[in-house]
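Coordinate inspection notes
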Amino acid sequence: GIMGAMEEEISSLIGLLTDTQTDHIGGRTYYSGKLNHQDVVIVFSMWGKVAAAITVTTLIELFQIQELIFTGVAGAIHPDLNIGDVVIGTRFVQHDMDSSPMIPKYELPLIKKTFIESSSDLKEQAADIIQNMLEENHLHQLISQDELDQFGITKPSLFIGEIASGDQFISNGEKKHQLRAAFPELLCVEMEGAAVAQVCDAFHIPFLIIRTISDCADTHAEINFVEFIKEVANKYSKAIVNKLMC
């Protein structure tokens, strides 16, 4: 299963499919076919934790996927990250989960976990592929210099670590500071990954979540976001997923 957090990202991937067929389920279109001779199903998750959970559950239950790749964008929380960097998630937390005082803040009710770990084999495979792509400036071959200059992208780096999810678009410094204080090792923040991780964990499905940094989760986030998806993130997703499926 391949999920994209933005419609533009999956459109570029759908173009790579052969033997394509479509299924319309729950307001989503699932595109089945072959990508580099492997059977895949590609779908736009829609935004937010509930929407993403619905989508990945459908992939597991109806399409019987055996692994999941989820791509999207994220806002940087760690100060070392820059626009254009790529993050592979190692563990995921819902930063808006709070059932205290009955349950410790951020802990998932009843399952007694705060973080969901991703699949080590998929992480290692992805890290090798993405690092090679970055070292060879492969992504620069896909994106014009004008587009790179527009977003201040010079030499993108790969980061591997913690991602937080919540049903909020983070675009102010105070919230960013709160997240950094709560999760000192946090790299970035988005709206779906932790929910996808929780569903995959419940069904014992190996999963990989990759995020491209689109903004710095500050007052400039909304200015750069839409254009970045169109000009950069969809090209990142297409190249990375295509390599992963070889």
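Above this text is the structure in question.
The structure reproduced in this document is the subject of the present report.

Notes on the pattern of salt bridges
- By the definition in use, this model includes seven salt bridges.
- Of the charged contacts in the structure, one is a salt bridge between R91 and E162, with a shortest N-O distance of 3.0 Å. With R91 in strand 6 (residues 86–94) and E162 in strand 8 (residues 158–165), the pair connects residues that are 71 residues apart, well separated along the chain.
- A relative accessible area of 24% means that R91 is categorised as partly exposed.
- Classification of E162 by relative accessible area gives buried; the value is 4%.
- Through salt bridges with shared partners, one network takes in E190, E192 and R211.

Structural notes on unusual backbone geometry
- Backbone torsion omega between S100 and P101 reads 5 degrees, so that peptide bond is classified as cis.
- Relative to the helices and strands, P101 resides in the loop between strand 6 and strand 7 (116–117).
- Backbone geometry places Q64, a non-glycine residue, at a positive phi of 55 degrees.
- Along the chain, the position of Q64 falls in the loop between helix 2 (49–61) and strand 5 (68–76).
- Given the relative accessible area of 57%, Q64 is considered exposed.
- Here K112, not a glycine, exhibits a phi torsion of approximately 55 degrees, which is positive.
- Within the secondary structure, K112 is located in the loop between strand 6 and strand 7.

The rules behind each value
Residues numbered from 1 in each chain as written. Predicted model: local features only at pLDDT ≥ 70, side-chain atom pairs only at ≥ 80, totals over all residues. Heavy atoms only, no water. Salt bridge = Lys/Arg side-chain N within 4 Å of Asp/Glu carboxyl O. Helix = DSSP H or I, 4+ residues; strand = E, 2+ residues; numbered from the N terminus. Buried < 20%, exposed > 50% of the residue type's maximum accessible area, 1.4 Å probe, protein only.

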